[in-house]
Amino acid sequence: MNRNILDVSRIKELSVEDLFQKFFSSKNGFSDSSIKDRIEEYGFNEISEKKANPFVKFLGYFWGPIPLMIEVAAILSAIINHWEDFWVIFALLLLNATVGFWQEFKADDAINLLKKKLALEARVLRDGKWGEIPARELVPGDVVRVRLGDIVPADLKLFDGDYLSIDESSLTGESLPVEKHSSDVAFSGSVIRQGEMNGLVVSTGMNTFFGRTAKLVEQAKTVSHFQKAVMKIGNYLIVLAAFMIAIIFLASIFRHESFLDTLQFALVLTIAAIPVALPAVLSVTMAVGASVLAKKKAIVSKLVAIEEMAGMDVLCSDKTGTITKNELTLAEVKPFESFTTDDVLLFSALASREEDKDPIDSAIINKTKSLKTVAGKWGSYTVKDFKPFDPVIKRTEVTIKDSEGNICKVSKGAPQAILSLIAGENKEEITSLINKIIDDFAAKGFRTLGTAKTDGQGNWQYVGLIPLFDPPRDDSAETIKTAQDMGVNVKMVTGDHTAIGKQIAAKVNLSNNILEVSAFSDKPEREALNIVEKADGFAQVFPEHKYRIVELLQKKNHIVGMTGDGVNDSPALKKADVGIAVAGATDAAKSAADIVLTSPGLSVIIDAIKESRNIFQRMNSYAIYRIAETIRVLFFITLAILVFNFYHVTAIMIVLLALFNDAPIMAIAYDNVKYSKDPEKWDMRIVLSMATFLGLIGLVSSFGIFYIGQEMLHLSKETVQTFIFLKLAIAGHLTIFLTRTRGPFWSIKPSSVMFWSTISTKLLATFVAVYGWFITPISWNLALLIWGYAIIAFLITDFLKVRIYKLLDHTGIKFHK
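Because the structure is a prediction, the values reported are computed rather than measured.

1. A word on the side chain of R126
Reasoning step 1: Counting through the fold element by element, R126 comes out in strand β1 (residues 121-126).
Reasoning step 2: A polar side-chain atom of R126 sits 3.4 Å from the main-chain carbonyl oxygen of E137.
Reasoning step 3: Side-chain polar atoms of R126 contact the side chain of D142, separated by 2.7 Å.

So, in structure tokens, the structure goes:
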């Protein structure tokens, strides 16, 4: 295998013929029968990522601020001979590591699945036929074709075609595209900006010059607005815990209590109070959401995009293939001068490539093949040179030779781009005629292509126009209406004529305020901001205009989603808060996007919006729960120590409470929720107000059970502690059912995972209290009394919660299934 690995200097020195000979290959590619041997010799083009040893990774969860505090608490328990405390705290440490490892493994597993779904495809020539295979299956000696928008799948020695303009910025940092010609090397991971060429695969996988191909999927380390808000909540709880524990320390010093005992208690209380599970809840919730979206044909390449999509209020959607079917049919062709309909179809087909599977090319070729007279002539021409479509000049150009040896050039593209080739005295007359025909076609919803050829003297002649009709998707009107009902303003973006945009808009529930880019491109920024915000769509848009549209909308404080499919859409997709690569997008667009659609249409995007808002609701309920619980436990314990000079719960009880909380907290990621009908944003006034209310109600009810146990039932100190421990465990888990809904707790049925994890941990806490595992036992009668007390307090709190929300919720957010 190693004998065939070449360094870059050798690749540049050897000719294409030498390399073909070295790899026992040819310009027709390998035969399928020999590929198995090639794979055995070279191995697949896998990305060899250095993976951490699972055992080492597991041990990593025993290090960090939270595990370190748990370890110190365990050591202190051993020092003061509290061995039961030591073993339970050690169990907490072990569980914390196990849960963290399992959640990261689950999230990584979801990411790896997404990576496979977004794996690069390569056009490869085998047995003389072009086909597509996963790029990882390429072997040295394969012949591949790369074109505009592709990510180069391996190191290639270029040999057939005019040139490539390649963006190597992700590999070298060089911002300007590099031009490559025959015998040059195109490096794996670079992006084709212009041109089309064939190349011989010379190195794959880790043997390429840059060591690895560019990854399409990244587990982004970016901290989103959503994560920042949650982390602020975490910081708030840490500060609150630190303040309360400082008070406990001061009180213990004043009362001359054991410093080690107090330190152990303070450490354990800190562990229980601060949001230890926050990173795990975030990661598993995102991973679960990404897996759900993948099943709905939306592959998430950056997990934070799910969060950003929850707040998206403007969606700029491509017309072709997203709002429309991208199933082009040809209407009646319009020839010019002495040319016929057959001539228009013939020359248009010659300027097309079937193997590229371009929708426009495919429509023209299929129509040409259906007409025997045209199909017969088509075979009599030979294509000598093919310049693929260039989005800058908006046309394709080919050099052809007929059966008699005559050579001419043919171009196909945007009518105005073709018109720019035409010279002569009657240019104005032709221009006027073409514009009129284009307007007539546009009024009927047709987009138009122009075709031209050179005569014997090399002068361009306008051969004719081809009208193409792309009908709206059957579900577009309903989907756009759904988006609008969800507070998302859909703006149509198209490169077609304004009249076509208006005609399609009328069929899909959009207003007809479709503007040409000239309406805002040359205006002062203040005026442009208002124009773009009020428009329902934009016509005759070039890729660079998309970037400007996103930029202007963001300056008006909108969270913007932008769809795209071409290489030149990449800047706009990166600029948008949520970049969406539509079905059939180029590799470059996919790599720039946050979400990649594998199914056409807007309905997939709507599903993504709904799922992102579901995730927001889960995280919102977790935030309220976590703050409420911290207030309830911290204030109760601190006030009990200060006022009654009594530790209502022991350190071991706090550890047990933390253990019992893990399962229900993790189950939040799988809970049933109702998504908001408006774009989501953190309203900390509501979050903190509701959390404070629930926390204070819990504080009052905790002192109530303390009064019952101590003053009415006259229980011993140890029994009172278990009595309160069980109340905190049961009421704490019931709080989750309070925070997950704005209405009565029964208004949204909890998921089975959420329900049974909560019930099972409450039952387990009851068994611990009754049978005295690690703590003083209590009777079943006392346990049932606590259950009844906690349920009554829960029902009263739920009734008050609904009223408080009505006072707080002045924004009028509504929910539906």
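2. Quick look at the nonpolar core
Reasoning step 1: Grouped together as the largest cluster of nonpolar side chains are 111 residues, with contacts concentrated most on M309, I609, V649, I724, F725 and L726.
Reasoning step 2: Among the elements that line this core, the one with the most residues is helix α25 (residues 603-644), at 20 residues.

3. Concerning the packing of aromatic side chains
Reasoning step 1: In the structure shown here, the tally under the stated rule is 13 aromatic pairs.
Reasoning step 2: The interplanar angle of 40° and the centroid separation of 6.2 Å between the aromatic rings of F767 and Y771 together place this pair among those described as tilted. Taken together, the residues span about one helical turn, with F767 and Y771 both in helix α29 (residues 752-771) at a distance of four residues.
Reasoning step 3: These aromatic residues form a ring-pair network of at least three members: F767, Y771, W773 and W780.
Reasoning step 4: A cation over an aromatic ring shows up here: R145 above the ring of W130, its NZ or CZ 4.5 Å from the ring centre.
Reasoning step 5: Above the face of the F386 ring, R353 is positioned so that its terminal group lies 4.3 Å from the ring centre.

4. Digging into the confidence of the model for the protein
Low pLDDT means the predicted coordinates in that region are not meant to be read closely.
Reasoning step 1: Scored by pLDDT, the protein comes out at a mean of 78, with 78% of its residues at no less than 70.
Reasoning step 2: Taken element by element, the protein is modelled with least confidence in helix α3 (residues 32-42), mean pLDDT 49, and with most confidence in strand β15 (residues 407-413), mean pLDDT 92.
Reasoning step 3: Between residues 1-5, whose pLDDT stays under 50, and residues either more than four places distant or in other chains, the model counts 10 contacts.
Reasoning step 4: The model gives residues 38-52 a pLDDT under 50, and that stretch makes 36 contacts with residues more than four places away or in other chains.

Criteria and thresholds
Each chain has its residues counted from 1, running along the sequence as written. The model is predicted, so local features are restricted to residues of pLDDT at least 70 and side-chain atom pairs to those at 80 or more, both for listing and for counting; the totals for chains, interfaces and linings are taken over all residues. Remark: hydrogens and water are excluded; side-chain values derive from all non-hydrogen atoms of the structure. Starting at the N terminus, helices and strands are each numbered in turn, a helix being any DSSP run of H or I of at least four residues and a strand any DSSP run of E of at least two. Here a polar contact means two N or O atoms within 3.5 Å. Within protein one must be a hydrogen donor candidate and the other an acceptor candidate, and residues neighboring in sequence count only if both atoms are side-chain atoms. Throughout, nonpolar core names a set of buried Ala, Val, Leu, Ile, Met, Phe, Trp, Tyr and Cys residues whose side chains join them through atoms within 4.5 Å. Think of it in three bands: residues with accessible area under 20% of the maximum for their type are buried, residues over 50% are exposed, and the middle band is partly exposed, with areas taken using a 1.4 Å probe on protein chains only. Pairing of aromatic side chains requires ring centres within 6.5 Å, counting the rings of Phe and Tyr and the six-membered ring of Trp. Pairs whose planes differ by under 30 degrees are stacked, by over 60 edge-to-face, and all others tilted. Counting as a charge over the ring demands two things of the Lys NZ or Arg CZ atom: a distance within 6 Å of the ring centre and an angle within 35 degrees of the ring normal. For every residue, the predictor assigns a confidence score, pLDDT, that lies between 0 and 100. Throughout, a residue-residue contact means that at least one pair of heavy atoms, one from each residue, lies within 4.5 Å.

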